[in-house]
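Reading the structure
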Amino acid sequence: MRRRATDYRRPVRRRFSHWICALLGLFVVAVLVLFVVHHIHNEDRVEHPVHEDDSRMERVVHEKLNLTEEILSATSLSRQLAEQMTLAKAYVVIAKEHNNFHLAWELSSMIRSCQLLLSKAAMRGKPITLEEAESIISRLSSLIYKAEDAHYDIATTIVTMKSHIQALEERANAATVQSTVFGQLVAEAFPKSLHCLILKLSADWLKRPPLQDIANERRNSPRLVDNNLYHFCIFSDNVLATSVVVNSTISNADHSKQIVFHIITNGVSYGAMQAWFLSNDFKGATIEVQNIEEFSWLNVSYAPIVKQLLDVGSRTYYFGENPNIEPKLRNPKYISLLNHLRFYIPEIYPQLEKIVFLDDDVVVQKDLTPLFSLDLHGNVNGAVETCLEAYHRYYKYLNFSNPIISSKFDPQACGWAFGMNVFDLIAWRKANVTARYHYWQEQNSDKTLWKLGTLPVGLLAFYGLTEPLDRRWHVLGLGYDLNIDNRLIESAAVIHFNGNMKPWLKLAIGRYKPLWERYINLSHPYLHECVTS
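Per an unreviewed UniProt entry, the chain is named Hexosyltransferase, and its organism is Gossypium tomentosum. Reading the Pathway (unreviewed entry) entry of the UniProt record for the chain gives the comment "Glycan metabolism; pectin biosynthesis." On record in UniProt, under Subcellular location (unreviewed entry), the comment for the chain is "Golgi apparatus membrane".

Structure follows, in structure tokens:
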């Protein structure tokens, strides 16, 4: 066969060459894309935990930030700001003292800015940064320097601050005295409800002659002088308080019909006291009410205390403008003859051999008749001692700088409590305790041996004649002490509301008041109208 010429031959066909190149190019591009994506993904997986850890650590730092510790830190900006603020406050006072009110205003403004920044730091839980604090620190430093340059130096600062401290102390002392005076006034004030009760009962006494007839008949009752019975005495002008003492004593007695109560009051309350105890039932107990104004023997010639209480100079001394008299000693009860009547019990009840004296601010919680069988070992007065605390010893009540006192008494002798006392009247008459009381009252005519009250002279009159009783017979302090152990109160035969916070007053301690209120007969119409309304 004849071959064609070269020029006329058909070219060889190159199939798929362009497609192959395109595919290869796409493959390369895909590989590159996959490589890049894979690389970025690996970086994310590496970097992401780092960010998580950082944020977690940041949260931990925020949670653990304590601004108090920050302020106490010697290197913190918070402490620097706090110290500058304290100094600035001192210079505010000094600037005002020197009438530089503009500087005082500028310092006060920066103090507020400083307080605001510290508050923000406390709220967000992050330390104060230098950028935040720099301007305030710089401005405060400039103002403090300005204050120092105005001759408000350290010496001036110390003198000024001392004078301010002294002024504040004087104001605090004045406020304390004023508070004591106000408290004393409240304690002395007779509540309107008790006035109401006395008025209603007094009206009954005057309008109902049969009550007076019954009272006259009971005056001669043989039970009043029967030494086989249990005799108690109360000297008070408070009808409601006396009623609580009588009611609580009888309610807790094993044999209430063997109890005799001797009540002495003043002329104002006599009719009300009679009407109350004649109109109410007290479980068969015998109750006698007497008027102190009927004791003709209690006069100036016999009793030094009567002369002293009537003396205008004594009243002026205690209730005039005398700065040396403590507010608590201005209580009118100290110049009430009823308060001193306890020293005349043998004269009032000449036929009795033993008696228990009760104050009108006590509540009886247990049977007191076992007191009458106690052996007083020849002593006159059975009482609970109060010297568990050092301030209840003789030297706290009496003036031992006076030789009359220091030569006869031990300053560390243990004091005891009036308010629940068992008296052996036979031993009393034998020791002539009332004469001893008169002697010491006369010695104290110039009021230098002791302050006002009956306990100091009682400590003198019954010195060496007092038998200490178990503490559970008489627990004191419910009129001023908020923290008496409940177990001690529960175990006590008598609880005593001595102090200004009497249970019939609004300022009574709420924790103890129910102990007193449970012996009030609220069903009585007068109590409902006067006391509970």
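Don't stop here, the text continues.
1. What to know about the overall build of the chain
Counting its regular elements, the chain contains 21 helices and 9 strands. A buried classification covers 43% of the 533 residues belonging to the chain. In the chain, the proportion of contacts linking residues at least 24 apart, taken out of those at least 6 apart, comes to 74%.

2. Let's talk about the packing of helix α9 (residues 239–251) against helix α10 (residues 267–279)
Where α9 contacts α10, the axes come no closer than 10 Å and their chain directions differ by 35°. Judged by the sense of rotation from one axis to the other, the crossing of α9 with α10 is right-handed. Contacts from V239, T242, S243 and V246 of α9 reach α10 at A272, M273, W276 and F277. Counted by class, the contact of α9 with α10 contains 6 nonpolar, 2 polar and no charged residues.

3. So, the sheet that holds strand β6 (residues 381–383)
Within the open sheet, the 7 strands sit side by side as β3-β2-β1-β4-β7-β6-β8. Their pairing is mixed. The strands lining the two open edges of the sheet, one partner per strand, are β3 (286–291) and β8 (466–468). Going from strand to strand, the sheet's axes swing by 25° on average, the running direction of each strand aside. Along the sheet, α9 makes contact with β1 (230–235), β2 (259–265), β3 and β4 (354–358), crossing β2 at roughly 170°.

4. So, the state of the cysteines
What the rule picks out here adds up to 2 disulfides. Across the disulfide, C196 is cross-linked to C530 (sulfur-sulfur distance 2.0 Å). Measuring handedness by torsion sign, the sulfur bridge of C196 and C530 sits at about -55° and is left-handed. Here C196 is found in helix α7 (residues 192–207), whereas its partner C530 is found in helix α21 (residues 525–530), with 334 residues between them in sequence. Put simply, C387 and C414 are joined by a disulfide, and their sulfur atoms are 1.7 Å apart. Here the S-S torsion is close to -95°, and the disulfide linking C387 with C414 is therefore left-handed. Residue C387 is located in the loop between β6 and α15 (403–406), and its partner C414 is located in the loop between α15 and β7 (420–424); the two are separated by 27 residues in the primary sequence.

5. Section: the pairing of β4
Burial analysis of β4 places 5 of its 5 residues in the buried class, the great majority of the element. Residues K354, V356 and L358 line one face of β4 and the alternating positions I355 and F357 line the opposite face, and both faces are buried. Here β4 runs beside β7; their pairing, made up of 5 bridges, is antiparallel. If you follow F357 over to β7, its bridge partner there is N421.

6. Some words on the nonpolar core
Counting residues in hydrophobic clusters, the biggest one holds 64 residues, and the most contacted among them are V246, F261, F277, L358 and L368. When neighbours within four sequence positions are excluded, V246 is seen to be in contact with I234, F261, I263, F277, F282 and I287. Grouped together as the second largest cluster of nonpolar side chains are 45 residues, C233, F235, I348 and I405 included.

7. Points about the environment of N280
One can find N280 in the loop between α10 and β3. In this structure N280 comes out as buried when scored by relative accessible area, which is 17%. Each C-alpha atom of the pair N280 and S243 lies 10.0 Å from the other, and the pair is 37 residues apart in sequence.

8. Here's the deal with the pairing of β2
Counting buried positions along β2 gives 7 out of 7 residues, so the element sits mostly inside the fold. In the sheet, β1 pairs with β2 via 6 bridges, with the strands oriented parallel. Within the sheet, the bridge partner assigned to H231 lies in β2 and is V260. Each parallel crossover has a hand, and the one from β1 via α9 to β2 is right-handed. As paired elements, β2 and β3 share 6 bridges and run parallel to each other. Note that in β3 the partner of H262 across the bridge is E288.

9. So, the pattern of salt bridges
The full count for this structure, using the stated rule, is 10 salt bridges. Between R79 and E83 there is a salt bridge; the shortest N-O distance is 2.9 Å. In this pair, R79 and E83 are both assigned in helix α3 (residues 77–97), 4 residues apart and thus about one turn of the helix distant. When the shortest N-O distance is used, the salt bridge between R487 and D485 registers 2.9 Å. Looking at R487, the relative accessible area reads 64%, which means it is exposed. Its relative accessible area of 34% is what places D485 among the partly exposed residues.

10. Quick word on the packing of aromatic side chains
Per the stated rule, a full pass over the model turns up 25 aromatic pairs. Ring plane angle 35° and centroid distance 5.2 Å describe the contact between F277 and F282, whose orientation is recorded as tilted. For F277, a relative accessible area of 5% translates into the label buried. The exposure class assigned to F282 is buried, which follows from its relative accessible area of 8%. Consider the rings of W504 and W516, whose centres lie 6.0 Å apart with planes at 50°: the pair is tilted.

11. A few points about the environment of R223
Relative to the elements of secondary structure, R223 occurs in the loop between α8 (209–218) and β1. Here the alpha-carbon distance between R223 and Q258, two residues 35 residues apart in the chain, equals 9.0 Å. With residues near it in sequence (within four places) discarded, R223 still touches L229, H231, K257, Q258, I259, V260, G284 and T286. Reaching out from R223, the side chain makes a polar contact with the backbone oxygen of K257 at a distance of 2.3 Å.

Thresholds, definitions, all that
Residues numbered from 1 in each chain as written. Predicted model: local features only at pLDDT ≥ 70, side-chain atom pairs only at ≥ 80, totals over all residues. Heavy atoms only, no water. UniProt positions renumbered as here; feature names shortened; annotations may be inferred. Helix = DSSP H or I, 4+ residues; strand = E, 2+ residues; numbered from the N terminus. Buried < 20%, exposed > 50% of the residue type's maximum accessible area, 1.4 Å probe, protein only. Contact = heavy atoms within 4.5 Å. Axes fitted to C-alpha atoms, helices over the stretch in contact; angles between N-to-C directions. Left-handed = near helix turned anticlockwise from the far one by under 90°. Nonpolar A, V, L, I, M, F, W, Y, C, P; charged D, E, K, R; others polar. Pairing = 2+ DSSP bridges. Disulfide = S-S within 2.5 Å. Core = buried A, V, L, I, M, F, W, Y, C linked by side-chain atoms within 4.5 Å. Right-handed = clockwise from strand over helix to strand, strands pointing away. Salt bridge = Lys/Arg side-chain N within 4 Å of Asp/Glu carboxyl O. Phe/Tyr/Trp six-rings, centres within 6.5 Å; stacked < 30°, edge-to-face > 60°. Polar contact = N/O pair within 3.5 Å; in protein donor to acceptor, adjacent residues only side chain to side chain.

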